[in-house]
Amino acid sequence: MSWGSAADELVLAALWAVGPGALLALAVGLRREWVLFAAPLLSVALLAAWPVLLGAAGVPWGRGVAVAVTVLTAAASAGVRVAAARRSSARAAGRHARAAAARRDPRRDVLRPVVMAAALAGAAVWTAVPFMQGMGRPDRMPQTWDAVFHLNAARWVLDHGDASSLALGGMTSPVTGSGFYPAAWHTLVALSTTSSVVVSTNAVVIVVAGLVWPLGVAALARATLPRWSWFPPVAAVVSVGFTAFPTGLVTWGTVWPNALAYALVPGTVAVTMRALAPGRGRAAAALTAVAGTGAIALSQPSALLVYASIATFPVLTAFGRTLVRGTPLQRAAALGGMVVWSGGWLVVWRTFASAIRTTAWHGSAGFTTGALSALGDRYAPTPPETGVVALVVVGVLVSFAVRGARWVPLALAGLLALVGVAQQESAWSWWVHPFFADPARLSGAVPLVSALLVALAVCGCAVGLGRLVGGAGRRPRGAVLGAVTALALLGAVVVTGGLQQADRSGVLRAYYVDAAAPELPDSLVSPGEMEMLERLGEELGPGQVLLGSPFSGAALAYAVADVDVVFPHMRGAWSPAARFLGQHFGSIGEDPRVCDAVRELGVGYYYADTDVYFPTHRDHALYEGLTPDVPSDGFELVDSGDTAAVYRITACG
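Quick caveat, the model's predicted, so the values are computed rather than measured.

1. Some points on the pattern of salt bridges
Point 1. Tallying each qualifying case throughout the model produces 15 salt bridges.
Point 2. Residues Arg571 and Asp619 are paired through a salt bridge, measuring 2.5 Å at the closest nitrogen-oxygen approach. In this pair, Arg571 sits in the loop between β2 (564-565) and α24 (576-584) while Asp619 sits in the loop between β3 (603-609) and β4 (635-641), placing the two residues 48 residues apart along the sequence.
Point 3. Take Arg571: its relative accessible area is 38%, and that puts it in the partly exposed class.

Structural data, given as structure tokens:
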């Protein structure tokens, strides 16, 4: 399958990621570039929150309903905003708008969106090329534990017409039929699916990495230094040049929902800062910030703590400024805000840490090694990338010299400290429990800030170079500033090896292509096996149920071919009949209870595979009865691919 044939999914993914949010951003009163910056936050919030309400009411979810609720929400928001605006305030707003328009340079009004659009297009291409090269084909999947769950969960949303985060957990809890699992990612994938869940998943991966993420970093750049016109487009471009994020999180794990949540964090921090900044539009920004935190929570709740880790510094800076310059009443409000913000997030952090107590994924590299590797966009013990380290250090130096950006290195230090804590067990380990004490997830959060510092380095060098070119130490402007910024950006691209294009492609290839090679043991699904899975939908027909170990490719028959499976993931709260088959199916010719369980679950086919994933994992004991040894009697071969085969069960009549 070629990438050209995945064009529909790519377009749909991009439209769903920004379309509903852009309409809603206009409705709540955001203007200019902030409409686009806020679009992913509002899109994900809307598309993830409405299914919770509709699911409770029994209304099925789909594209038509998604369009309807988008229009309804935007119309209602616009109506409330218009009704709340009194005529006097509207006249005042009109005067302010006219005064602002008179002060603006019309040439800048034309140039700024053109430059921003070019930067976003460049970021999208610089993401799509290595991602497509690394994936190889749009119908390939990463050979990882979590990929099985997330692919099947997207199919579950399509089949059940229910994208509620309160229901999605029911896929692996068939006894209860429901359970909480954040469903924002799976909603986007389901809405973008035309035929294959695997293809639409990869399309959403590219859109999140190449559009949602650059938009968020550009928004954060705009909020940090509003007067630096070249800062947001530079930030958008350099954001795609990291391997720890988004490339790392869309391959390792594979924690796709985590990647979506992280991609939403910079934009949410940006609108939070805008809500606290002086000037018009604060109410709309505050509403968008609330929606952004909701979108993060419905993508991956633990990412809220990454948002808090970054946002705390500019938020407390804003409150501190009010304490110094405000009226007595404003000072009291600012002091109260500082207490509520800090105390509230500490309570949330402790709650998450208490709920997730595991430290099983702690690293062993040590605090210093872990933090230094993360600073250089690597996972310890891999040495840091020196080009990235150099640019980040320059960015830190520039931030100290620029008012408004001094909070950025503090946020970076906080994230690096979390990575270091995750690299060794200590009394501080409870801080990283909400992230499963996982250095990979925490290292993936570092580029959320270091991308901004790299952009600061580029812009700072451009200003210095421009002063040399312009003479007399004058700050460069106009075409001169644009030219030296482009030159400095080119330098950053060279220093980082083409924004690490080969490294990013290599990471994807390791999980998508190399790990699936049929000559390698322990693969989840080999190419020949995937081809067989794609045929099963027609060969087995509708309404059939397939039994097989989820450590083979059996579980993926649901995502790939829409064939119901007994075990859609390696772990779950299975029914007694399912648990019995998992351990005793091999006794089908001897124990009549096996056929009783087969009939109870409606199983008609069996999936056998001599090459299983993660053969040393302890959970294989749950499926020890699902062996690749199939008796000659009671089974009929239906299809095979590489080391896997599917049989019709005739032993139970």
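2. Some thoughts on a nonpolar patch on the surface
Point 1. Together, Leu23, Val67 and Val71 line one region of the surface with nonpolar side chains, adding up to about 240 Å² of accessible area.
Point 2. We classify Val67 as partly exposed; its relative accessible area is 45%.

3. Focus on a positive patch on the surface
Point 1. Side chains of Arg321, Arg325, Arg403 and Arg406 sit close together on the surface and give a patch of like positive charge.
Point 2. On the secondary structure map, Arg403 appears in the loop between α16 (386-401) and α17 (407-422).

4. Regarding helix α6 (residues 145-160)
Point 1. Across its 16 residues, α6 extends 23 Å between first and last C-alpha, which sits within 8% of the 22 Å expected from 1.5 Å per residue.
Point 2. α6 sits mainly inside the fold: 13 of its 16 residues count as buried.
Point 3. Looking one or two residues beyond α6, the residue adopting positive phi is Gly161, at roughly 60°.

5. Some details on unusual backbone geometry
The general pattern is negative phi for most residues beyond glycine and trans for most peptide bonds.
Point 1. Residue Thr254 is bonded to the preceding Gly253 through a cis peptide linkage, with omega at 5°.
Point 2. By secondary structure assignment, the location of Thr254 is in the loop between α10 (243-248) and α11 (256-276).
Point 3. Geometrically, the link from Ala380 to Pro381 is a cis peptide bond, its omega value of 10° lying close to zero.
Point 4. Tracing the sequence through the fold places Pro381 in the loop between α15 (367-375) and α16.
Point 5. Here Ala437, not a glycine, exhibits a phi torsion of approximately 50°, which is positive.
Point 6. Relative to the elements of secondary structure, Ala437 occurs in the loop between α17 and α18 (439-445).
Point 7. On the basis of relative accessibility, which here comes to 0%, the residue Ala437 falls in the buried class.
Point 8. Positive phi values are uncommon outside glycine, yet Asp562 reaches one of about 60°.

Rules of the game
- Residues numbered from 1 in each chain as written.
- Predicted model: local features only at pLDDT ≥ 70, side-chain atom pairs only at ≥ 80, totals over all residues.
- Heavy atoms only, no water.
- Salt bridge = Lys/Arg side-chain N within 4 Å of Asp/Glu carboxyl O.
- Helix = DSSP H or I, 4+ residues; strand = E, 2+ residues; numbered from the N terminus.
- Buried < 20%, exposed > 50% of the residue type's maximum accessible area, 1.4 Å probe, protein only.
- Patch = residues over 30% accessible without salt bridge, like charges linked within 9 Å, V, L, I, M, F, W, Y side chains within 5 Å.
- Areas by Shrake-Rupley, 256 points an atom, 1.4 Å probe, with all protein chains shown as cover.
- Lys, Arg positive; Asp, Glu negative; His and termini not counted.
- Charge placed at Lys NZ, Arg CZ, Asp CG, Glu CD.
- Expected span 1.5 Å × (residues − 1).

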